[in-house]
Amino acid sequence: FRSSQASVRTLCRRGAAGRPLDYATGWPQKFPAKDHCSRCGLCETTFVSRVKDACALLPETGMSRMHDLEVKVHGRSRNTHHAMDTADEGRFGVLHEEIKLVKGVEMKDSQWTGVVTSIALSMLEARKVDAVVCIAGEHGSWATPEAIVAKSGEQILRGRGVKPCLAPSLKILDEIKQDRSIRKLLFCGVGCSVQAFRAIQDDLGLDEVYVLGTNCVDNSPTPKAAENFVRVGLGLKDIEEVKGYEFMQDFRVHAKTGDGYLTKPYFCLPGVLAQPSIATSCLACFDYTNGLADAVVGYMGAPLDAGRRMDESFQTLTIRNQRGTEMIETARKRGRLSIGSTATGKGSFEDFAMSTLKSDAIVQSMIGGSIMEKGLPDLLGTMLASILHRIGPTGLNFARYSIDYHILRNYLHVVDEWGETSAKNIVPVYAQKIVKKYLEIDSMITLL
Ligand code: SF4
Ligand code: SF4
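What this report covers is the structure whose coordinates are included nearby. What you see as residue numbers is a count from 1 along each chain, following the sequence as written. Both sets of labels track the order of writing: A upward for chains, 1 upward for ligands. Predicted model: local features are reported for residues with pLDDT of at least 70 only, side-chain atom pairs are reported and counted for 80 or more only, and whole-chain, interface and lining totals are derived from all residues. With hydrogens and water set aside, each side-chain value is computed from the structure's full complement of heavy atoms.

1. Focus on helix H3 (residues 66-74)
No. 1: The set of residues buried in H3 consists of Met66, Leu69, Glu70, Val73 and His74. Projected down its long axis, H3 carries its buried residues within an arc of 105 degrees, all on one side.
No. 2: By the convention used here, residues are in contact when the closest approach between their heavy atoms is within 4.5 Å. Each helix is a run of H or I in the DSSP string that is no shorter than four residues. Each strand is a run of E no shorter than two, and both are numbered from the N terminus. Elements in contact with the buried residues of H3: helix H8 (191-200), helix H11 (322-333) and helix H17 (429-441).
No. 3: Once H3 finishes, glycine 75 follows within two positions and takes phi at roughly 85 degrees, a positive value. Using a 1.4 Å probe on the protein chains alone, a residue whose accessible area is under 20% of its type maximum counts as buried, one over 50% counts as exposed, and one in between counts as partly exposed. Throughout, the arc means the angular range of directions from the helix axis out to the C-beta atoms.

Structure follows, in structure tokens:
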């Protein structure tokens, strides 16, 4: 297992070493979280003065404020007594209701079925908010995300189809504070942006604030990295040929292209892509499920039937408090959302999480490092993906597997970067409990 540990650590270090540099802004070195900065936008506003209280990725504090912020936002923190059971708030965060399946109704040109866009539009149309902060593609491209303050339906629709990636959602904080016509706001964002937003939200002087989050894992650090993935990983000539892509439950990456749809087993992707495709911030993240949003839309736990496209599939809907319920009801009553059944899952996820952590070394020793660098041949990769989809976790259990694996991997990264003592201050208690549970299941992991 030591070799597996070394292998995971090598991956983490390669991620850190592969950091891009934006020469115009000095990102990431000139930002307080340095390599681990997710460029949430806060430090590009006057609110940079609050960075020590707000940033979710500082080496000194990390995401350790989650507990207190959950109490502030939801009235209680998550119940972590059943971290390995199905009643697992430790993993998914505070649950006001059971996690459900959801689809947007007739929202064309979205990444999925347009659930986030549908909710944002409904909130504006119903005059529950005066403006919506969302991410839109600069010059209409999904790969270059920019934060916008949308005050019309047309502006909200600009956010359709944007690929989850590092996005400076908080760059508009000064604009919001100065615009006195905005009294009620809907903020849409990923977990690290939402954490920073929650920390400074009271300073904006707003009357009402709603937060709609998305799940994310291992986001792409820059548009350039996304473009590289499309070219090298998917074998397409131009980034604009792709309208969206995602890593799905069937162990394949799915991509919507201008004139079609393609899938490729994870295992056929060249190993060299791993280094530049994951932002270093995401290796120190313990909030993939966006624990401080009022409601969260995701795909990790949604079932994927064989042959289904990502833009025909259900997504998951997590409601964390009454404001979350209000947002969803507003969209449902306006006919923009179709709510399905309660999300369920099948298959063992603990074994899969552990074996994924160990698999780099195992697969490499079985088939050789050079093949891993190039990726498996198509036939072998397709067979492996089909077998794993048949025997592996599905539905909500796939989400449990993914969350646990990423918590274990990121815990290793944090220990490696800042040491075990610092990790105890950085890693939220709920994540530490999940790590501890795995220590009990697999004594080999005590070598961590
Ligand atoms: Fe600043 Fe956000 Fe980067 Fe933290 S993650 S250093 S708050 S821009
Ligand atoms: Fe931010 Fe975490 Fe999402 Fe990365 S995975 S963009 S650090 S919330």
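2. Description of the site of ligand 2
No. 1: Close to ligand 2 lie Leu166, Gly191, Cys192, Cys216, Asn219, Ser281, Cys282, Cys285 and Tyr288, which account for all nearby residues.
No. 2: Each residue is assigned to one of three groups, with Ala, Val, Leu, Ile, Met, Phe, Trp, Tyr, Cys and Pro labelled nonpolar, Asp, Glu, Lys and Arg labelled charged, and all others, Gly among them, labelled polar. For the shell around ligand 2, the per-class residue count stands at six nonpolar, three polar and no charged. Being near a molecule or strand, for a residue, means having at least one of its heavy atoms within 4 Å of it.

3. Observations concerning the nonpolar core
No. 1: Core analysis: the biggest nonpolar cluster contains 93 residues, and Leu42, Ile176 and Phe197 have the highest contact counts within it.
No. 2: Those residues in contact with phenylalanine 197, other than ones at most four positions away along the chain, are Leu170, Leu173, Leu185, Phe187, Leu204, Val209 and Val211.
No. 3: In terms of nonpolar packing, the next biggest core, distinct from the first, is built from 27 residues, Met123, Val129, Val132 and Val297 among them. Residue types Ala, Val, Leu, Ile, Met, Phe, Trp, Tyr and Cys, when buried and joined through side-chain atoms within 4.5 Å, form a set referred to as a nonpolar core.

4. Side note on H8
No. 1: Most of H8 is tucked away: ten of the ten residues are buried.
No. 2: Residues of H8 that are buried: Gly191, Cys192, Ser193, Val194, Gln195, Ala196, Phe197, Arg198, Ala199 and Ile200.
No. 3: The inward-facing, buried residues of H8 contact helix H2 (51-54), H3, helix H7 (173-178), strand E4 (184-189), strand E5 (208-214) and H11.

5. Quick notes on the sheet that holds strand E9 (residues 295-298)
Within a sheet, each strand pairs with its neighbour through backbone hydrogen bonds, oriented either parallel or antiparallel.
No. 1: With respect to topology, eight strands assemble into an open sheet ordered E3-E2-E4-E5-E9-E10-E1-E11, the strand pairing being mixed. The sheet terminates laterally at strand E3 (145-150) and strand E11 (337-342), the two strands that pair on one side only. Strand after strand, the sheet turns through a mean of 30 degrees between neighbouring axes, direction not considered.
No. 2: Here, any two strands with at least 2 DSSP bridges between them count as paired. With six bridges joining them, E4 and E5 adopt parallel strand pairing. Across the sheet, residue leucine 186 finds its bridge partner in E5, namely tyrosine 210.
No. 3: Its contacts with the sheet put H11 on E4, E5, E9, strand E10 (315-319) and E11, and the angle it makes with E5 is roughly 80 degrees. Fitted lines through C-alpha atoms serve as axes, helices being fitted only where they are in contact, and the angles separating the N-to-C directions of these axes extend from 0 to 180 degrees.

6. Focus: the site of ligand 1
No. 1: Taken together, Phe31, Pro32, Ala33, Cys37, Ser38, Arg39, Cys40, Gly41, Leu42, Cys43, Val51 and Cys55 make up the full set of residues near ligand 1.
No. 2: Considered class by class, the residues forming the shell around ligand 1 number nine nonpolar, two polar and one charged.

7. A few points about the pattern of salt bridges
No. 1: By salt bridge we mean one thing: a side-chain nitrogen of Lys or Arg within 4 Å of a carboxyl oxygen of Asp or Glu. This structure, assessed with the given rule, holds 20 salt bridges.
No. 2: Glutamate 44 is the salt-bridge partner of lysine 171, the closest N and O atoms lying 3.7 Å from each other. Of this pair, lysine 171 sits in the loop between helix H6 (153-157) and H7 while glutamate 44 is found in the loop between helix H1 (2-17) and H2, placing the two residues 127 residues apart along the sequence.
No. 3: When salt bridges with common partners are traced through the structure, they connect Asp88, Arg91, Arg400 and Asp404 into a single cluster.

8. Some words on the pairing of E5
No. 1: Within E5, five of the seven residues are buried, leaving the element largely enclosed by the surrounding structure.
No. 2: A right-handed crossover is one whose linking path, passing over the helix from the first strand to the second, runs clockwise when the strands point away from the viewer. Handedness of the E4-H8-E5 crossover: right-handed.
No. 3: When E5 meets E9, the two strands line up parallel, connected through three bridges. In the strand pairing of E9, threonine 214 is matched with valine 297.

9. Focus on the side chain of arginine 198
No. 1: Relative to the assigned elements, arginine 198 resides in helix H8.
No. 2: Judged by relative accessible area, which is 2%, arginine 198 ranks as buried.
No. 3: Excluding its chain neighbours within four sequence positions, the residues that come into contact with arginine 198 are Leu69, Lys72, Val73, Val209, Val211, Leu292, Ala293, Asp294 and Arg323.

10. Quick word on the sheet that holds strand E6 (residues 242-247)
No. 1: Spatially, E6-E7-E8 is the arrangement adopted by the three strands of the open sheet, whose pairing is antiparallel. The open sheet is flanked by E6 and strand E8 (260-265), the only strands paired with a single partner. Neighbour to neighbour, the strand axes of the sheet diverge by 15 degrees on average, direction disregarded.
No. 2: Of the pairings in the sheet, the one linking E6 to strand E7 (residues 252-257) comprises five bridges and is antiparallel in character. Bridged to glutamate 246 within E7 is histidine 254.
No. 3: Along the sheet face, helix H9 (residues 223-233) touches E6, E7 and E8 and points at about 85 degrees away from the line of E6.

11. Considering the packing of H3 against H8
No. 1: The geometry of H3 relative to H8 is characterised by a closest axis approach of 11 Å and an angle of 60 degrees between their N-to-C directions. Put simply, H3 runs oblique to H8. Handedness of the H3/H8 crossing: left-handed. Counting all contacts with H3, which are made through Met66, Leu69, Lys72 and Val73, the residues of H8 involved are Gln195, Arg198 and Ala199.
No. 2: Residues of the contact of H3 with H8, tallied by class, amount to four nonpolar, one polar and two charged. Any angle between 65 and 115 degrees counts as roughly perpendicular, while under 35 counts as roughly parallel, over 145 as roughly antiparallel, and the rest as oblique. In this scheme the crossing of two helices becomes right-handed for a clockwise turn of the near helix relative to the far one and left-handed for an anticlockwise turn of less than a right angle.

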